[in-house]
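Close look at the chain arrangement
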Amino acid sequence: MADVKYKRIMLKLSGEALAGDKGFGINPPVIKTVAEEVKSVYNLGIQIAIVVGGGNMWRGVSGEQMGMERAQADYIGMLATIMNALALQDNLESIGVPTRVQTSIEMRQIAEPYIRRKAIRHLEKERVVIFAGGTGSPYFSTDTTAALRAAEINADAILMAKNGVDGIYSADPNKDPDAVKFDQLTQLDIINKGLHVMDTTASSLSMDNDIPFVVFNLNESGNIRKVVEGENIGTTVRGK
Ligand code: UDP
């Protein structure tokens, strides 16, 4: 294996990362590029687990705002993450990256059910494991899923890939010209400074389990690789 900082990573891809400019649906050239970025890291010999979101198709909160029952709306969101996972699997396999999709809600005809030990075994056998369906429970997010699965599989770090945002700022850089980017933060800094990075459940899970997370821009080619190799890009958040 190449000389790397993180040997087993949890990559969190939001649904948006697969959507491109329109922000909705799956954009074939965009998902292809994402798959190629993953492949370049895979070629380093890194073990890669991926949690994919579903916001490019459906968010439970929006369903609730339209008058749906929240839990029901959230299940639609979980199904959206499974569609994204299958599309990502297809793109990865078409460029020669072996993958397995595991769903938190059983769907045996199209994917394996989530089995922690089996997921770890796949990683050891150099297969990229895509966790789909979120946690399988409503009221959670795929950020929380990433933090949870990262702890379960003993990942070295959570890579929070963002669309066009290259890290955590003191304020919204699009609105505030004085916003400064942080290179390093602790989880407590995030709480004390009132920064909004990931939801609090996800953040406290990764803090409790002492798993660092790195927020970085997915839209710049080579960035996943740079994070894995320990280059100082984005913002790294540690427990203490
Ligand atoms: N979701 C859920 N439980 C989970 C993960 C996801 O209910 O454990 C639902 C929730 O409705 C959410 C949707 O799936 O809005 C899509 O996930 P998310 O918003 O996290 O996707 P992303 O913003 O990363 O694209």
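Fair warning: this is a prediction, and the values are worked out from it, not measured in the lab.

Quick word on unusual backbone geometry
Positive phi is not limited to glycine here, since E126 has a value of about 65°. Mapping E126 onto the fold places it in the loop between α4 (116-124) and β5 (128-132). Assessed through its relative accessible area of 53%, E126 is described here as exposed. One non-glycine residue, D210, lies in the positive phi region at around 55°. Mapped onto the elements of the fold, D210 is located in the loop between α7 (200-208) and β10 (213-217). We classify D210 as partly exposed; its relative accessible area is 47%.

Examining the UniProt feature "domain: Aspartate/glutamate/uridylate kinase" (unreviewed entry) in the protein
Using the residue numbers shown here, the UniProt feature "domain: Aspartate/glutamate/uridylate kinase" (unreviewed entry) corresponds to residues 7-217. For residues 7-217, the end-to-end C-alpha separation is 20 Å, with 38% helix and 20% strand making up the annotated structure.

Remarks on the packing of aromatic side chains
Going through the model one piece at a time under the given rule, you end up with one aromatic pair. Each ring, one from Y114 and one from F131, has its centre 5.5 Å from the other, and the planes form 80°; the classification is edge-to-face. Of the two residues, Y114 is situated in the loop between β4 (112-113) and α4 and F131 in strand β5; the sequence distance between them amounts to 17 residues. Of the two residues, Y114 and F131, both sit in the buried class.

Considering the site of the ligand
Near the ligand there are 21 residues, and of these G15, R59, D74, T135 and T142 occur at the shortest range. G60 has a polar backbone atom sitting 2.9 Å from an oxygen atom of the ligand. Within the side chain of D74, an N or O atom sits 2.5 Å from an oxygen atom of the ligand. Of all elements in the fold, only α3 (70-94) and α5 (142-152) reach the threshold of two or more residues within the shell around the ligand. Sort the elements by how many residues they give to the shell around the ligand and α3 lands first, with three residues. Of the residues that constitute the shell around the ligand, the class distribution is five nonpolar, 13 polar and three charged.

Describing the sheet that holds strand β9 (residues 184-186)
In spatial order, the strands read β4-β3-β5-β2-β1-β6-β10-β11-β9; together these nine strands make up an open sheet with mixed pairing. On the outer flanks of this sheet lie β4 and β9, each paired with one strand and no other. The pairing of strand β3 (residues 99-103) with β4 spans two bridges and is classified as parallel. By the bridge assignment, T103 is partnered in β4 with P113.

What to know about the pattern of salt bridges
Here the idea is simple: oppositely charged side chains can pair when their charged atoms come close. Applying the stated criterion across every chain yields a total of 10 salt bridges. Among the ionic pairs, E36 bridges to K32, the shortest N-O distance being 3.6 Å. Taken together, the positions of E36 and K32, both in helix α1 (residues 28-42) and four residues apart, correspond to about one turn of that helix. On the basis of relative accessible area, E36 is assigned to the partly exposed category, the value being 37%. Among the salt bridges present, the one from R70 reaches D74, with a minimum N-O distance of 2.9 Å.

Cut-off values and rules
- Every residue gets a number counted from 1 within its own chain, in the order that chain's sequence is written.
- Given that this is a predicted model, residues contribute local features only at a pLDDT of at least 70 and side-chain atom pairs are listed and counted only at 80 or more, while totals for whole chains, interfaces and linings are drawn from all residues.
- The side-chain values count all of the structure's non-hydrogen atoms but skip hydrogen atoms and water molecules.
- We count a stretch as a helix when DSSP gives it H or I for four or more residues in a row; a strand needs E for two or more, and each element gets its number in order from the N terminus.
- Type-normalised accessible area, obtained with a 1.4 Å probe on protein chains alone, sets the label of each residue: buried when under 20%, exposed when over 50%, and partly exposed for intermediate values.
- UniProt positions are given in the numbering used here, feature names are shortened, and annotations may be inferred rather than shown by experiment.
- Classification of ring pairs rests on two measures: the distance between centres of Phe, Tyr or Trp rings, Trp counted by its six-membered ring, which must be within 6.5 Å, and the angle between planes, read as stacked under 30 degrees, edge-to-face over 60 and tilted in between.
- For this purpose, a residue is taken to be near a molecule or strand whenever a single non-hydrogen atom of the residue falls within 4 Å of it.
- Here a polar contact is recorded for every N or O atom pair within 3.5 Å, except that within protein the pair must consist of a potential hydrogen donor and a potential acceptor, and residues adjacent in sequence are included only if both atoms are side-chain atoms.
- Under the convention adopted here, Pro, Cys and the residues Ala, Val, Leu, Ile, Met, Phe, Trp and Tyr are nonpolar, Asp, Glu, Lys and Arg are charged, and Gly plus all remaining residues are polar.
- Two strands form a pair only when DSSP identifies at least two bridges running between them.
- Each reported salt bridge corresponds to a side-chain nitrogen of Lys or Arg within 4 Å of a carboxyl oxygen of Asp or Glu.

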